[in-house]
Amino acid sequence: MPKLSIGIPVFNGQELLPELLNSLLAQTFRDFEILICDNASSDRTPHICRKYERSDSRVHYVRNQRNLGAVANFNRVFELSTAPLFKWAAHDDLYHETYLDACVRLLEENPDVILAHTGTAFIDERGEMLPFEHETGSFIDPNSQRRIGRTCRA
């Protein structure tokens, strides 16, 4: 049994799913399974998932016969997990190669902690980090000037 299950609920994720999977498979922490729960995608998502499943035994692909809706698909991928630790991953996220290592280490060293996450950065379509505004704790979209990821400060 792996130490960590990573659940990826996805619907029509062909554009960014390969980048997510590559970033997860490149992690320095290796004791995990990836569970992809495809919510009846109509694009190339099934093909992509099957390719990754064939190339790495930690990747498991399940396709719903019909679209269950987002919440039910999130729940289903959690129910399919087998490990004592669980993480959801969105099909359009990327992870630094030491992300899982840092989170699992924190949980192991602090048994009273039930959730771990590192800092987050927002990137553009080229993978460049958006400018950060310290006063608001937000990333700024240079095109729209919209603030993203505003944080609460106590």
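For the structure itself, consult the block above.
Here goes a summary of the coordinates provided. Small disclaimer: the values here were computed from a predicted structure and weren't measured. (Residues numbered from 1 in each chain as written. Predicted model: local features only at pLDDT ≥ 70, side-chain atom pairs only at ≥ 80, totals over all residues. Heavy atoms only, no water.)

What to know about unusual backbone geometry
Defined as follows: Helix and strand assignments come from DSSP, with helices taken as H or I runs of at least 4 residues and strands as E runs of at least 2, each series counted from the N terminus. Exposure classes here rest on a 1.4 Å probe applied to the protein chains alone. A residue is buried below 20% of its type maximum, exposed above 50%, and partly exposed in between.
Positive phi values are uncommon outside glycine, yet Asn12 reaches one of about 50°. Mapped onto the fold, Asn12 is located in the loop between β1 (4–10) and α1 (17–25). In this structure Asn12 comes out as partly exposed when scored by relative accessible area, which is 29%. Backbone geometry places Ala40, a non-glycine residue, at a positive phi of 60°. By the secondary structure assignment, Ala40 is in the loop between β2 (32–38) and α2 (45–55). For Ala40, a relative accessible area of 19% gives the class buried.

Focus on the sheet that holds strand β7 (residues 147–148)
Let me state the cut-off plainly: When DSSP finds two or more bridges between two strands, those strands count as paired.
Sheet architecture is open: three strands sit in the order β5-β6-β7, paired in antiparallel fashion. Either end of the sheet is taken by a strand with one partner, and the two such strands are β5 (132–133) and β7. Pairing analysis gives two bridges linking β5 to strand β6 (residues 138–140), with the strands arranged antiparallel. By the bridge assignment, Phe132 is partnered in β6 with Phe139.

Thoughts on the side chain of Asp38
Note the following rule: Should any heavy atoms of two residues lie within 4.5 Å, those residues are counted as being in contact.
Mapped onto the fold, Asp38 is located in strand β2. Those residues in contact with Asp38 that sit more than four places away from it in its chain are Val10, Thr45, Pro46, Tyr61, Val62, Arg63 and Asn64.

A closer look at a positive patch on the surface
As a reminder of what qualifies: Put simply, a patch holds well-exposed residues, over 30% relative accessible area, that have no salt bridge, with like charges counted together within 9 Å and Val, Leu, Ile, Met, Phe, Trp or Tyr side chains within 5 Å. Accessible surface area values rest on a Shrake-Rupley calculation with a 1.4 Å probe, where residue burial reflects the displayed protein chains alone. One side-chain nitrogen of Lys or Arg within 4 Å of one carboxyl oxygen of Asp or Glu is enough to make a salt bridge. Asp and Glu are treated as the negative residues and Lys and Arg as the positive ones, with His and the ends of the chain left uncounted. Working definition for charges: the position is that of NZ of Lys, CZ of Arg, CG of Asp or CD of Glu.
A cluster of like positive charges, contributed by Arg44, Arg50, Lys51 and Arg54, occupies part of the molecular surface. Note on placement: Lys51 falls in helix α2.

Here's the deal with α2
Filter applied, for reference: Our arc is simply the arc of the directions from the helix axis toward the C-beta atoms.
Taken residue by residue, α2 has Thr45, Pro46, Ile48, Cys49 and Tyr52 as its buried positions. Relative to the axis of α2, the buried residues are bounded by an arc of 160° and lie together on one face. In α2, those exposed residues whose orientation departs by more than 90 degrees from the buried face are Arg54 and Ser55. Against β1, α1, β2 and β3 (59–63) lie the buried residues of α2.

A few points about the sheet that holds β3
Quick note on the threshold: For every element, the axis is a line fit to its C-alpha atoms; helices are fit only across the contacting stretch, and the angle between N-to-C directions ranges from 0 to 180 degrees.
The strand order across the open sheet built from four strands is β3-β2-β1-β4, with neighbouring strands paired in parallel fashion. The open sheet is flanked by β3 and β4 (85–88), the only strands paired with a single partner. Going across the sheet, the axis of each strand differs from the next one's by a mean of 20°, ignoring polarity. With five bridges connecting them, β2 and β3 associate as parallel partners. Considered in β3, the bridge of Cys37 is made with Val62. α1 contacts β1, β2 and β3 of the sheet and is inclined by roughly 165° relative to β2. Its contacts with the sheet put α2 on β1, β2 and β3, and the angle it makes with β3 is roughly 150°.

Some thoughts on a nonpolar patch on the surface
Residues Phe74, Phe78 and Trp88 make up a contiguous nonpolar surface patch of about 300 Å² in total accessible area. Accessibility expressed as a relative area gives 43% for Phe78, which makes it partly exposed.

Points about the packing of α1 against α2
How we decide: Note on terminology: angles under 35 degrees are roughly parallel, angles over 145 are roughly antiparallel, angles of 65 to 115 are roughly perpendicular, and the others are oblique. Each crossing is labelled by how the near helix is turned from the far one, with a counterclockwise turn of less than a right angle marking it left-handed and a clockwise turn marking it right-handed. Residue polarity follows a fixed list, in which Ala, Val, Leu, Ile, Met, Phe, Trp, Tyr, Cys and Pro are nonpolar, Asp, Glu, Lys and Arg are charged, and the others, Gly among them, are polar.
Across the interface, α1 lies against α2 with an axial gap of 10 Å and an inter-helix angle of 20°. Between α1 and α2, the angle falls in the class roughly parallel. In this structure, the crossing between α1 and α2 has a hand that is right-handed. In this structure, α1 uses Leu17, Pro18, Leu21, Asn22 and Leu25 to contact α2, whose residues at the interface are Thr45, Ile48, Cys49 and Tyr52. Class assignment of the residues belonging to the contact of α1 with α2 gives a composition of seven nonpolar, two polar and no charged.

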